Amino acid sequence: MDLITDFTGMARTFPLMRGGGALLVLVGLGIVVGGAGGRRWFLPGLITGAALAVVVMMVGGITKTIFDGLGYPAIYQYVAFGIGVVAEVGLVNLVVAKVPDRTSREFWLWILLVVGVHFLILAFSHGPICGLLGLLCIVNAGLGLLVPEIPYRALWITDGVLKIAAGSSMVWLSY
């Protein structure tokens, strides 16, 4: 088996990989734009990227292009996806309760870390690239929490670039 065949097999094993990858690219772009624009652009960039991602997922789901040639996910992948989303919501609520300043560096770095944790869970539904992304996002956010001298915008942009790279790989490898 060559490397390309291995990746094609991964896409068939994890049919959610393509759609998840498309979502990551758009959210990542929003994060990069937000980081490049400065702190007041963080949230609008993130919201815009997420909104575009939802539109792409809706169109892809309706037209079935998300699963074209891949088949459909197994039930356990939908369950893992659901667990990942529930874990993310619960952990975000914990951050909201523990870090009252919603504009602080600490708040947003914990949010980025929580998203990384949820990617670890999504590795069971979206594949190993998603798991690797989770580890890298956790390291990036953790570094920011441990080393306050690292510019916050650099951490934010790095997070976005990681998402774009992982998402692009997931989409590319699924065709």
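Refer to the structure printed above.
Residues numbered from 1 in each chain as written. Predicted model: local features only at pLDDT ≥ 70, side-chain atom pairs only at ≥ 80, totals over all residues. Heavy atoms only, no water.

Quick question: what am I supposed to make of the overall build of the chain here?
Across its full length, the chain holds seven helices and zero strands. Ordered by position from the N terminus, the helices and strands of the chain form the series α-α-α-α-α-α-α. Here the chain has a C-alpha radius of gyration of 16 Å; the compact-globule value for 175 residues is 16 Å, and the two agree. Burial status across the chain gives 42% buried among its 175 residues. (Helix = DSSP H or I, 4+ residues; strand = E, 2+ residues; numbered from the N terminus. Rg over C-alpha atoms; globule rule 2.2 N^0.38 Å. Buried < 20%, exposed > 50% of the residue type's maximum accessible area, 1.4 Å probe, protein only.)

Looking at this structure, how should I read a nonpolar patch on the surface?
Together, Y72, I75, Y78, V79 and I83 make up a nonpolar patch on the protein surface, roughly 550 Å² of accessible area in all. A relative accessible area of 47% places I83 in the partly exposed class. (Patch = residues over 30% accessible without salt bridge, like charges linked within 9 Å, V, L, I, M, F, W, Y side chains within 5 Å. Areas by Shrake-Rupley, 256 points an atom, 1.4 Å probe, with all protein chains shown as cover. Salt bridge = Lys/Arg side-chain N within 4 Å of Asp/Glu carboxyl O.)

Where do I start with the packing of aromatic side chains in this structure?
Each aromatic ring pair is summarised here by two numbers: the centre-to-centre distance and the angle between the ring planes. Applying the stated criterion across every chain yields a total of three aromatic pairs. Where Y152 meets W156, the ring centres are 6.2 Å apart and the plane angle is 50°; that geometry is what we call tilted. You can see Y152 and its partner W156 sitting in helix α7 (residues 152–173), four residues apart, about one turn around the helix. This pair shows no difference in class: Y152 is buried, exactly as W156 is. Stacked on the ring of Y175, the Lys or Arg R18 has its end atom at 3.8 Å from the ring centre. (Phe/Tyr/Trp six-rings, centres within 6.5 Å; stacked < 30°, edge-to-face > 60°. Lys NZ or Arg CZ within 6 Å of the ring centre and 35° of its normal.)

Teacher, can you tell me more about the environment of L155 here?
Within the fold, L155 resides in helix α7. Taking the C-alpha atoms as reference, L155 lies 17 Å from R102; in sequence the two are 53 residues apart. Each residue touching L155, except ones within four places of it in the same chain, is listed here: R105, L109, N140, G144 and I150. (Contact = heavy atoms within 4.5 Å.)

Just to check I follow, could you spell out the pattern of salt bridges for this structure?
Close approach of charged atoms allows side chains with opposite charge to pair. Scanning the entire structure with this criterion turns up one salt bridge. Across the salt bridge formed by K163 and D159, the nearest N and O atoms sit 2.4 Å from each other. Here K163 pairs with D159, and both are found in helix α7, just four residues apart, close to one helical turn. Since its relative accessible area comes to 3%, K163 is described here as buried.

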